[in-house]
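Report on the structure
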Amino acid sequence: MLPFEFVIYRSPVSQQARRRELVRQWTQEVRNAAAGLWRGQPAVDGALAVSITHLFDRAELDVDNMPKPILDALKGLVYSDDAAVTDLTCRKRNLKDDPQISNASPILRQSLNRNAEFVHVLIDDAPLREVNF
């Protein structure tokens, strides 16, 4: 089950979007993308690390407004409760700057080869006691 990753080929929607309907639609789109790969497996429990990366080619979203709709979309599907997320990494990179990505998974490599905007989400077990700075 873990690690689990998926990609959404579009720009994310900010938690702060004025039109709440856009946030609701984005959350549902994220959930549908994850559900298509999660395939009915039970939600996992325990400490989880979530990594969200937005690779963009035009206007970017503030990184602090990106995770909440994504985390909400995965609640009850991939994990029982978002309190299980103990580690969160959220980043944005401009594709025009030729971002250097090491240890890319096949899904991430395939997405990078498209050279178009996307959001990559990776969920894995969190290190229980380790804190890296």
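In case you missed it, the structure is sitting above this.
Residues numbered from 1 in each chain as written. Predicted model: local features only at pLDDT ≥ 70, side-chain atom pairs only at ≥ 80, totals over all residues. Heavy atoms only, no water.

Regarding the sheet that holds strand β3 (residues 85–94)
An order of β1-β4-β2-β3 is seen for the 4 strands of this open sheet, with the pairing classed as mixed. The outermost strands of the open sheet, each flanked by one partner alone, are β1 (4–8) and β3. Put simply, the sheet's adjacent strands are angled 10° from each other on average, direction ignored. Across 9 bridges, strand β2 (residues 48–56) lies against β3 in parallel orientation. Of the residues in β3, the one forming a bridge with isoleucine 52 is cysteine 90. (Pairing = 2+ DSSP bridges. Helix = DSSP H or I, 4+ residues; strand = E, 2+ residues; numbered from the N terminus. Axes fitted to C-alpha atoms, helices over the stretch in contact; angles between N-to-C directions.)

A short note on the nonpolar core
Generally speaking, nonpolar side chains in soluble globular proteins are found buried as a group. Of all hydrophobic cores here, the largest spans 28 residues; its most connected members are Phe6, Ile70, Leu74, Val78, Tyr79, Val121 and Ile123. Among the secondary structure elements, those contributing two or more residues to this core are β1, α1 (20–38), β2, α2 (67–74) and β4 (118–125). In contact with valine 121, other than residues within four places in its own chain, are Phe4, Glu5, Phe6, Ile8, Val50, Ser51, Ile70 and Leu74. Ranked by size, the runner-up nonpolar core spans 6 residues in total, among them Leu55, Leu95, Ala104 and Leu108. (Core = buried A, V, L, I, M, F, W, Y, C linked by side-chain atoms within 4.5 Å. Buried < 20%, exposed > 50% of the residue type's maximum accessible area, 1.4 Å probe, protein only. Contact = heavy atoms within 4.5 Å.)

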